[in-house]
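So you can see what is in the structure, the chains are spelled out below.
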Amino acid sequence: MSELTDLYQELILDHNRSPRNRGRLENPDGLAQGYNPLCGDQISVSVKLDGDRIESIKFEGSGCAISTASASLMTQSLKGKTLEEAGELFNRFHKLLTEEGNAEELGQGMGKLKVFSGVCQYPARVKCATLAWHTVKAALNNKEGNITTE
Ligand code: FES
């Protein structure tokens, strides 16, 4: 196993053990529930906006290590971003996980989110890693209710 892979695994374990931005915001501007029907895991994401910028974002729910770490890193990455930047990051993250290709190239400029590039080899785990992202997309679109990764 390469040193880089070890580092990535350590990052996922760290965010699973100590998730950042866990909880629910009071009076959020956007709130959605996400559900992975493959395993039954659920997550909720709440967002507060300052104009078109994400001022704060929190998540709560239960899931596997990958989904929890992904939600935690996602909240860190999206805080302070504009809605447009958040949409771009969503698309890039999705591409990183679903497209075969040069992970280094696809992950360029994505910071710690690159840690999930290896997940594309495990289709079932892609849903784990994207659960929080689909959920925040729904929250930002103000779609109340539930979304699934299907
Ligand atoms: Fe349920 Fe990963 S196994 S979200």
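Being a predicted model, the structure only gives us computed values, none of them experimental.

Visitor: Explanation requested: the overall build of the protein in the structure shown.
Guide: Helix and strand counts for the protein stand at five helices and four strands. Computed over C-alpha atoms, the radius of gyration of the protein comes to 14 Å, within 12% of the 15 Å expected from 2.2 N^0.38 for 150 residues, which places it in the range of a compact globule. With the principal axes as the frame, the protein shows a C-alpha extent of 45 × 30 × 25 Å. Burial analysis of the protein (150 residues in total) assigns 41% to the buried set. Summed over its atoms, the accessible surface of the protein is roughly 7,900 Å², and 46% of this surface lies on carbon and sulfur atoms.

Visitor: Is there a simple way to think about helix 2 (residues 65-78) in this case?
Guide: In an α-helix there are 3.6 residues to a turn, and that puts residues three or four apart on one side. Helix length check: helix 2 (14 residues) gives 20 Å between terminal C-alpha atoms against 20 Å at 1.5 Å per residue, within 8%. For helix 2, the set of buried residues is Ile66, Ser67, Thr68, Ala69, Ser70, Ala71, Ser72, Leu73, Met74, Thr75, Ser77 and Leu78. Just past helix 2, the residue Gly80 takes up positive phi, approximately 90 degrees.

Visitor: Explanation requested: the packing of aromatic side chains in the structure shown.
Guide: The relation between two aromatic rings is expressed through the spacing of the ring centres and the mutual angle of the planes. Under the criterion given, the structure shown has two aromatic pairs. Taking the centre distance of 5.7 Å and the plane angle of 75 degrees together, the rings of Phe93 and Phe116 count as edge-to-face. Here Phe93, found in helix 3 (residues 83-98), pairs with Phe116, found in the loop between helix 4 (103-106) and helix 5 (123-140); they are 23 residues apart in sequence, far enough to count as distant. Both residues of the pair, Phe93 and Phe116, count as buried. Seen in terms of ring centroids, Phe93 and Trp133 are 4.7 Å apart; in terms of plane orientation they differ by 20 degrees. Their pairing is stacked. Taken as a pair, Phe93 in helix 3 and Trp133 in helix 5 lie far apart in primary sequence, 40 residues in all. On the basis of relative accessible area, Trp133 is assigned to the buried category, the value being 1%.

Visitor: What is the right way to read the pattern of salt bridges from this model?
Guide: Oppositely charged side chains may form a pair once their charged atoms are brought near each other. Across all of its chains, the model carries three salt bridges by this definition. In this structure, Glu10 engages Arg17 in a salt bridge whose closest nitrogen and oxygen atoms are separated by 3.3 Å. Classification of Glu10 as partly exposed rests on a relative accessible area of 43%. Between Arg20 and Asp14 there is a salt bridge; the shortest N-O distance is 2.8 Å. Note on Asp14: relative accessible area 25%, which makes it partly exposed.

Reading the values: rules and limits
- Residues numbered from 1 in each chain as written.
- Predicted model: local features only at pLDDT ≥ 70, side-chain atom pairs only at ≥ 80, totals over all residues.
- Heavy atoms only, no water.
- Helix = DSSP H or I, 4+ residues; strand = E, 2+ residues; numbered from the N terminus.
- Rg over C-alpha atoms; globule rule 2.2 N^0.38 Å.
- Buried < 20%, exposed > 50% of the residue type's maximum accessible area, 1.4 Å probe, protein only.
- Areas by Shrake-Rupley, 256 points an atom, 1.4 Å probe, with all protein chains shown as cover.
- Expected span 1.5 Å × (residues − 1).
- Phe/Tyr/Trp six-rings, centres within 6.5 Å; stacked < 30°, edge-to-face > 60°.
- Salt bridge = Lys/Arg side-chain N within 4 Å of Asp/Glu carboxyl O.

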